[in-house]
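Notes for the structure review
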2 protein chains.
Amino acid sequence: MTSERDVVQAGAAQWLDTLQDWVRIPSVSADPGHHGDVTASAEFLAEQLRANGFPDVKVLADGPWLPAVLAHWPSGDPDAVRVVVYGHHDVQPADGVERWTYPPFEPRIIDGVLHGRGASDDKGNIAMHLLGLRAHLAATGRTSPAVNLTLLVEGEEESGSPHIMELLHAYRDELAADLIVVSDTGIFGPETPSVCIGMRGLVAAEIHVHGPDIDLHSGSFGGAVPNPITELSRILAALHDDDRHVTVPGFYDDVIEPTEAERAATAALPFDEEAWITGPAASRAAAGEAGWTTLERIGARPTAEINGIWGGYTGPGNKTIVPTDAYAKVTFRLVGRQQPAVIQQQVTDFVTAAARPGVQVEIHWEGAGVAPLYVDTEHPATTATRAALGQAFDTDVVLMTREGGSGPEAELAGVIGAPLVFLGVMTDDDQIHAPNEKAVVSLLLKGCEAVAHLWRELAERGRAGLR
Amino acid sequence: MTSERDVVQAGAAQWLDTLQDWVRIPSVSADPGHHGDVTASAEFLAEQLRANGFPDVKVLADGPWLPAVLAHWPSGDPDAVRVVVYGHHDVQPADGVERWTYPPFEPRIIDGVLHGRGASDDKGNIAMHLLGLRAHLAATGRTSPAVNLTLLVEGEEESGSPHIMELLHAYRDELAADLIVVSDTGIFGPETPSVCIGMRGLVAAEIHVHGPDIDLHSGSFGGAVPNPITELSRILAALHDDDRHVTVPGFYDDVIEPTEAERAATAALPFDEEAWITGPAASRAAAGEAGWTTLERIGARPTAEINGIWGGYTGPGNKTIVPTDAYAKVTFRLVGRQQPAVIQQQVTDFVTAAARPGVQVEIHWEGAGVAPLYVDTEHPATTATRAALGQAFDTDVVLMTREGGSGPEAELAGVIGAPLVFLGVMTDDDQIHAPNEKAVVSLLLKGCEAVAHLWRELAERGRAGLR
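Residues numbered from 1 in each chain as written. Chains lettered and ligands numbered in written order. Predicted model: local features only at pLDDT ≥ 70, side-chain atom pairs only at ≥ 80, totals over all residues. Heavy atoms only, no water.

As for helix α11 (residues 409-416) of chain B
Residue pairs three or four apart in sequence face the same way in an α-helix, which turns once every 3.6 residues. Residues and elements named next belong to chain B. Our working rule: Think of it in three bands: with a 1.4 Å probe and only protein chains considered, a residue is buried below 20% of the maximum accessible area for its type, exposed above 50%, and partly exposed in between. What counts as a helix is a DSSP run of H or I of at least four residues, what counts as a strand is a run of E of at least two, and both are numbered from the N terminus.
Burial within α11 is extensive, with seven of its eight residues counted as buried. What α11 keeps buried is the set Glu409, Ala410, Glu411, Leu412, Ala413, Val415 and Ile416. Immediately beyond the C-terminal end of α11, within one or two residues, lies Gly417, with a positive phi of roughly 70°.

Structural data, given as structure tokens:
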């Protein structure tokens, strides 16, 4: 009988061709100009799922959300474990095209690395479920999965999943499950696979400061009317104190501080900070909230981050104006029991209070945000995930890591009412959300194998063993 | 014998056609893409000067500067007063085209108002010297001006006159003069003509903060590496204290505080602040350095103004990154004895000191800047200018005003070694440097008439009377 690994190796070349075809579709959810591509991407995935044997595949385009894909492949045994796999087929914008070594939507494999926007986040990680399922079927000699399998692949995760609650509620009956498997995270490193046990939440806002109704000559008016860029800079600068703590009143109220044991475990991780700074972080220094280590700042602490800013004259030379408007995009990562709605209100109050007379300050929130989520590390499904990952990597997986990123995991867990585990193989230097996104092909193939192992591991435990 | 006013009225229509042809040339010095238009604008002006009788007209394109125009029309009497008229034929960028009611370079006259970029600043004010000179000749029955007339019209004033010193030194011999007349300023209001007696100086910089070498996922890296927009915001916010004083150490050292008499005179000006706020300032409030009035903030106090800012993701939706870079354009207006080189050093030191570890902070100065300049209010040339303006406006001109704007007046006065007066008819609501720049035709025609009166007034005083 063939092994999961054999099937993955045999199918790798064709599978990589399919993945590259998918990456060629620029499914950028943030840009309305690419929404047709988001639809094309959903249809491409649906077609691949059907070609791989899924008997029930739908493109969901009947709500305010961008097209999502919902697919079912029953095991044949209604009492088998019911699993919902979650991920997304939309991608980050690929602006700054001049900084890409290869065009973002012309994927290619060079020296075992797949280059392209979405190669890792999240097309590469979702595609693992195509080859992984084939390996599961072949290795177990089955014609249907050993678990009742559902895939939900949404099309606007990179835009903050603004309609995930509507989507989940609209298809709630089809999403009944004993376990949610999220494939949109990574491992600690290629040599040190780990199971992710937490993701931060996220709320995203745009701050708009309006000053004069027309650009004013800075000689004739400057110094005598409020400058919206100055006012915006003051608000943004005030978000952190000199120790880089977030100053928004109440912001830390619902943060759960790690225990001393947790802090010790994090400190014991094989983390080379100098290598991290100059390597994946491509920076000159680590810097963050005083009193916390780099890994804690990413995994355990909430943040306020400015993602973009613009206003006034930005062309060549100079233009001596007091400009009309200034804008900033700001996101907050949430941890512990921080709730998006509460943080949104606290930040709104803070910005409102910081606004000085003479300018109009508005804050616009993008969607409802997503809450942080933490995995039950003692849950049998977590154990099964560690086992599956260990079999694929030929090692014992003991490491548990928290990711700094955010997705709608808390919403999934809340609406579906099931425990949740993470199964993904991204690494810190995949340059997701940056130019030159890439994925290591050997890790993707190990991910395919881990998927196959996980379905077997879960089936062996059964519904009773997962409670 | 015909009067100056008769000639101006008779020539107005044709003159306005010529001015509109000039405004059609988008001579934006800040944009290298428009430098061909700056050349075309210089050639257009040179051709008009020749057509109006100037016997010696040159386009100066033999240095690092953008093309300037130098024209001479001797009076025939080498002992007559020698005047250099200064202005500029380049214009501000017209970005934000969607905010223009009419296309910026398709001028038109509607209800007595000329619309178009450069209608006021400075093509309209320089063009006054074409029709004004014809009025002078016709009204005095002369075939050459009563003064030895030189025009210097540069092509990069709106870019901070970065090469004015080279230009002045290269043509120093041809610029020998008893008086400099600058036509690039305004009057207090259409009903209250005034002579301008001062302009602020200016230095312009771009601040660049470089963080990570690649855009980083704000979940995986945010909170643990410096964010260049946060760092830039802190630097910009720190430029002013809560009372809107500039905090750069030493910044106010060379400011000359106005006397109590000057403050009383300024306070007595017929200034309706509420009307100014909602009218020309198009704002919701006056705001500026504590302890000073609006007119003092514009005329008597130095400023730090942010003209533009950009960095990170500025497209639709959101992109959760720690961006690589953030930029701001900043200008400082100078007064009293503040010297550009000193202020540049002080600001450079301030920005360098404000930069925190982990980001690279650079400040780039655009050119050497220009120093503030104050007119000798007791000088006979100032009296002559008041008289000329009064004859054009049929009123006694007693008001003296300081403008907040900046030009290379101190450099002109320094190199040429002559006193300087201002003769211009812009108003606060001409929207110079903003969308919808315009000029009031009746004021431009009064300006033409004032030019004609000024040449006669100066000739009557003679060189001896101007010492």
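Continuing now.
Quick look at the relation of the copies chain A and chain B
The criterion, for reference: The copies were overlaid with a least-squares fit restricted to C-alpha atoms from residues scoring a pLDDT of at least 70 in each copy. In what follows, residue pairs with any heavy atoms lying within 4.5 Å of each other are defined as contacts.
Mapping chain A onto chain B calls for a screw motion: a turn of 179° about the axis and a shift of 0.0 Å along it, with 0.1 Å RMSD after fitting. The superposition of one copy onto the other is thereby described by a two-fold rotation axis. Both copies share a contact surface, since 100% of the interface residues of chain A are interface residues in chain B too.

Brief notes about the domain arrangement of chain A
Residues and elements named next belong to chain A. Condition: Annotation comment: domain bounds sourced from an automatic or database domain assignment. Buried area is calculated as the accessible area (1.4 Å probe) missing from two parts once they are joined, with the contributions of both summed. Between Lys or Arg on one side and Asp or Glu on the other, a salt bridge is scored when a side-chain nitrogen of the former is within 4 Å of a carboxyl oxygen of the latter. Note on residue classes: Ala, Val, Leu, Ile, Met, Phe, Trp, Tyr, Cys and Pro are nonpolar, Asp, Glu, Lys and Arg are charged, and everything else, Gly too, is polar.
Domain assignment breaks chain A into domain 1 (4-199 + 372-465) and domain 2 (201-255 + 302-365). Centre-to-centre, using C-alpha coordinates, domain 1 lies 35 Å away from domain 2. Taken residue by residue, the interface counts six residues in domain 1 and seven residues in domain 2. In this assembly, domain 1 packs against domain 2 so that about 510 Å² is buried in total across both faces, 53% of it on carbon and sulfur atoms. When the area that domain 1 buries against domain 2 is broken down by residue, the three leading residues are Pro372, Tyr374 and Ser406, summing to 76%. The interface formed by domain 1 and domain 2 includes zero salt bridges. Taken together, the residues of the side of domain 1 that touches domain 2 sort by class into three nonpolar, three polar and no charged.

Thoughts on the sheet that holds strand β11 (residues 303-312) of chain A
Our working rule: Following DSSP output, two strands are said to pair if at least two bridges run between them. Axes, fitted as lines to C-alpha atoms, cover a helix only where it is in contact. Angles between the N-to-C directions of the axes lie from 0 to 180 degrees.
Spatially, eight strands are ordered β14(A)-β9(A)-β13(A)-β11(A)-β11(B)-β13(B)-β9(B)-β14(B) in an open sheet, and the strand pairing comes out antiparallel. Every interior strand has two partners, whereas the edge strands, β14 (360-365) of chain A together with β14 (360-365) of chain B, have only one. This sheet shows a mean twist of 25° between the axes of neighbouring strands, independent of strand direction. Across six bridges, strand β9 (residues 201-210) of chain B lies against β14(B) in antiparallel orientation. Along β14(B), the bridge assignment pairs B:Ile207 with B:Ile363. Helix-sheet contacts for helix α5 (residues 228-237) of chain A involve β9 (201-210), β11, β13 (325-334) and β14 of chain A together with β11 (303-312) of chain B, and the interaxial angle to β13(A) is about 15°. Sitting on the sheet, helix α9 (residues 340-354) of chain A touches β9, β13 and β14 of chain A, and the angle it makes with β14(A) is about 170°.

A word on the environment of B:Thr348
All names here are of chain B. The condition that has to hold: Each polar contact in these results corresponds to two N or O atoms within 3.5 Å; when the atoms are within protein, one needs to be able to donate a hydrogen and the other to accept it, and residues that are neighboring in sequence are counted only if both atoms are side-chain atoms.
Tracing the chain through its elements places Thr348 in helix α9 (residues 340-354). In the structure, Thr348 is positioned 100 residues away from Val248 in sequence and 9.5 Å away in space, judged by C-alpha atoms. If near-sequence neighbours (up to four positions away) are discounted, Thr348 is found in contact with Ile363 and Trp365. Separated by 2.8 Å, the side chain of Thr348 and the backbone oxygen of Gln344 make a polar contact.

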